[in-house]
Structures are given as C-alpha cells and as structure tokens.
Amino acid sequence: MKKKESSYLTIINDLSEDIGISKEETKSLVDVALSSADPRDVNYQQLKEEITTFLVINIFFLICKL
C-alpha cells in the first residue's frame, strides 16, 4: 500500500513539473484517470505516459483549431 501511495504522489509531482500546472490541478487529472480503474492494478508509469500523451494530443488539437 505504501508503494502505491508513494507512486500516486510521485506521479502528481512529476506531471505537475512536466506539464507546468499546479499540483491541485494535476491531482484532479490523476484522480479522474484513476476513477475508472482499480488503483491496485494501475501501472503508475504507464498512467503518467498516457496522461501526458492525452494532454499533448489535446493541446495540438487546440493549436490546429486556431
């Protein structure tokens, strides 16, 4: 349990730094992503990559719409 909790906090800190948004906003993003999954079965590194990819795709989409 401690490892998962540590991974959860690590992904929030890492994404916050990588994306440049507050930790509170990042926590909301991670919580939404985890809401449809069993936290015991989550690969936190993969989750981080998926959230980053999702955000990059959406930012690219927004830029293309300008």
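Criteria and thresholds
- Every chain's residues receive numbers from 1 upward, in the order its sequence appears when written.
- For this predicted model, a pLDDT threshold of at least 70 governs which residues receive local features, and a threshold of 80 or more governs which side-chain atom pairs are given and counted, while totals over whole chains, interfaces and linings are taken from all residues.
- Remark: hydrogens and water are excluded; side-chain values derive from all non-hydrogen atoms of the structure.
- Helix and strand assignments follow DSSP, with helices taken as H or I runs no shorter than four residues and strands as E runs no shorter than two, numbered in order from the N terminus.
- Take the residue count of a helix, subtract one, and multiply by 1.5 Å to get its expected span.
- Only protein chains enter the calculation, and the probe is 1.4 Å; a residue is then buried if its accessible area is under 20% of its type maximum, exposed if over 50%, and partly exposed in between.
- Directions from the helix axis toward the C-beta atoms define the arc.
- Working definition of a nonpolar core: buried Ala, Val, Leu, Ile, Met, Phe, Trp, Tyr and Cys residues. They are joined through side-chain atoms within 4.5 Å.
- Two residues form a contact once any of their heavy atoms are found within 4.5 Å.

Caption draft 1: Highlighting helix α2 (residues 23-34). The end-to-end C-alpha separation of α2 is 16 Å, in line with the 16 Å expected for 12 residues at 1.5 Å each. Residues of α2 that are buried include every one of T26, V30 and L34, and no others. Summarising the axial view, the buried residues of α2 lie within an arc of 70°, below the 170-degree limit, and thus occupy one face. Those residues of α2 that are exposed and angled more than 90 degrees off the buried face are E24 and V32.

Caption draft 2: Highlighting the nonpolar core. Membership of the largest hydrophobic core is limited to 11 residues, which are Y8, I11, I12, L15, V30, L34, V42, Y44, L47, I51 and L55. For this core, the secondary-structure elements that each account for two or more residues are α1 (2-19), α2 and α3 (44-65). Setting aside residues no more than four positions away along its own chain, Y8 makes contact with K27, V30, D31, L34 and Y44.

Spatial relationships are all this shows, so hold off on functional conclusions.
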